[in-house]
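Descriptive structure summary
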Amino acid sequence: MNASTLLDLVREAAGAGVWRGSGNLAEEALENIEYFPAPPHGGTGGVDPLELATALTEAVRAWLGDAASDGTGRPGIVYVWHDDQAAQLRMSFVSGGRDDIPFGVPLVFLDRPHDIVDDFLAGAYRRPDDPVKIFARELEDEARTAPGR
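Every chain's residues receive numbers from 1 upward, in the order its sequence appears when written. Confidence filtering applies because this is a predicted model: local features only for residues at pLDDT of at least 70, side-chain atom pairs given and counted only at 80 or more, and all residues used for totals across whole chains, interfaces and linings. Remark: hydrogens and water are excluded; side-chain values derive from all non-hydrogen atoms of the structure.

Considerations on the confidence of the model for the protein
Within the protein, residue pLDDT values average 89, and 89% of them lie at 70 or more. Of all secondary-structure elements in the protein, the lowest mean pLDDT belongs to helix α5 (residues 142–145), at 38, while strand β4 (residues 107–110) reaches the highest, 98. Summary of the metric used: pLDDT quantifies the predictor's per-residue confidence within the range 0 to 100. It only takes one pair of heavy atoms within 4.5 Å for two residues to be counted as in contact. Across residues 141–149, confidence stays below pLDDT 50; counting only partners more than four residues off in sequence or on other chains, it has 6 contacts. Only DSSP runs of H or I with at least four residues qualify as helices, and only runs of E with at least two residues qualify as strands; both kinds are numbered from the N terminus onward.

Structure representation (structure tokens):
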């Protein structure tokens, strides 16, 4: 896989949109997951980390826009992480907040995806006692932020 293929996959995922389930967050997480494979044979494979981080940020925004367009005002969160065991960058969505992300390990939330991209491109491994780095953006609860409330 070359750099343009990886970026194309991320940009293609941006157009996929999200699936809102019936309240089963684990099911939503699996239905919405996107997998982006690491460049082969180690190294960055010519991928510009800044360009990849920007593409991921745009994909997250696109998914948030799609989730918000359902008009229900339900919460939602799009999140990105590096799955070191699978050598993949991953992105998913659930109808909830940070506490609803279905991981059984501690999480640390980052303001930008850059550290996650760097770990992904470096093929870094997380020690078992280290938290998983997550880049996440939440939908605002429209019922809470609606005028007059």
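That was the structure; now back to the text.
Here's the deal with the side chain of arginine 90
Inspection of the secondary structure puts arginine 90 in strand β3 (residues 88–94). Among the residues examined, arginine 90 registers a relative accessible area of 16% and is labelled buried. For the purposes of these results, a polar contact is taken to be a pair of N or O atoms within 3.5 Å, where, inside protein, one atom must be able to donate a hydrogen and its partner to accept one; residues adjacent in sequence count only when each atom of the pair is a side-chain atom. A polar side-chain atom of arginine 90 sits 3.2 Å from a polar atom in the side chain of aspartate 83. Beyond its immediate sequence surroundings of up to four residues, arginine 90 is in contact with Ile33, Glu34, Tyr35, Tyr79, Val80, Trp81 and Asp83. Burial classes: relative accessible area under 20% of the type maximum marks a residue as buried, over 50% as exposed, and values in between as partly exposed (1.4 Å probe, protein chains only).

Considerations on unusual backbone geometry
At alanine 87, a position not held by glycine, the phi torsion is positive, near 55°. In this structure, alanine 87 sits in the loop between β2 (77–83) and β3.

Here's the deal with the side chain of histidine 82
Within the secondary structure, histidine 82 sits in strand β2. Residues within four places of histidine 82 in sequence aside, it is in contact with Gln88, Leu89, Ile116, Asp119, Phe120 and Ala124.

Let's talk about the pattern of salt bridges
In what follows, salt bridge is the name for a side-chain nitrogen of Lys or Arg lying within 4 Å of a carboxyl oxygen of Asp or Glu. By the definition in use, this model includes 7 salt bridges. Of the charged contacts in the structure, one is a salt bridge between glutamate 51 and arginine 11, with a shortest N-O distance of 3.5 Å. Of this pair, glutamate 51 sits in helix α3 (residues 49–68) while arginine 11 sits in helix α1 (residues 3–14), placing them 40 residues apart in sequence. Shared partners join several salt bridges into a network, and the residues in it are Arg127, Asp129 and Asp130.

Some words on the packing of aromatic side chains
Two aromatic rings, taken as a pair, are described by how far apart their centres are and by the angle between their planes. Pairing of aromatic rings covers Phe, Tyr and the six-membered ring of Trp, with a centre-to-centre limit of 6.5 Å; geometry is then stacked below 30 degrees between planes, edge-to-face above 60, and tilted otherwise. This model, assessed by the stated rule, comprises 3 aromatic pairs. Centroid distance tyrosine 79 to phenylalanine 103: 6.1 Å. Interplanar angle 75°. Geometry classified as edge-to-face. Pair noted here: tyrosine 79 is in strand β2 and phenylalanine 103 is in the loop between β3 and β4, with a separation of 24 residues, a long-range link. When its relative accessible area of 25% is taken as the criterion, phenylalanine 103 is described as partly exposed. A network of ring pairs unites the aromatic residues Tyr79, Trp81 and Phe103 as a single cluster. Only Lys NZ and Arg CZ are tested; either one counts as a charge over a ring when it is within 6 Å of the ring centre and within 35 degrees of the ring normal. The lysine or arginine in question, arginine 98, covers the ring of phenylalanine 109, its NZ or CZ lying 4.3 Å from the ring centre.

Remarks on the packing of α3 against helix α4 (residues 114–122)
Axes, fitted as lines to C-alpha atoms, cover a helix only where it is in contact. Angles between the N-to-C directions of the axes lie from 0 to 180 degrees. Following both chains from N to C, one finds α3 and α4 inclined at 125°, their axes separated by 9 Å at the closest point. Our classification of the angle between α3 and α4 gives oblique. In this structure, the crossing between α3 and α4 has a hand that is right-handed. From α3, Pro49, Leu50, Leu52, Ala53 and Leu56 reach across to α4, where they touch His114, Val117, Asp118, Phe120 and Leu121. Note on residue categories: nonpolar means Ala, Val, Leu, Ile, Met, Phe, Trp, Tyr, Cys or Pro, charged means Asp, Glu, Lys or Arg, and polar means any other residue, Gly included. Split into classes, the residues belonging to the contact of α3 with α4 amount to 8 nonpolar, 1 polar and 1 charged. Here the word oblique covers every angle except those under 35 degrees (roughly parallel), over 145 (roughly antiparallel) and from 65 to 115 (roughly perpendicular). Note on convention: near helix rotated counterclockwise from far helix by under a right angle means a left-handed crossing. Clockwise means right-handed.

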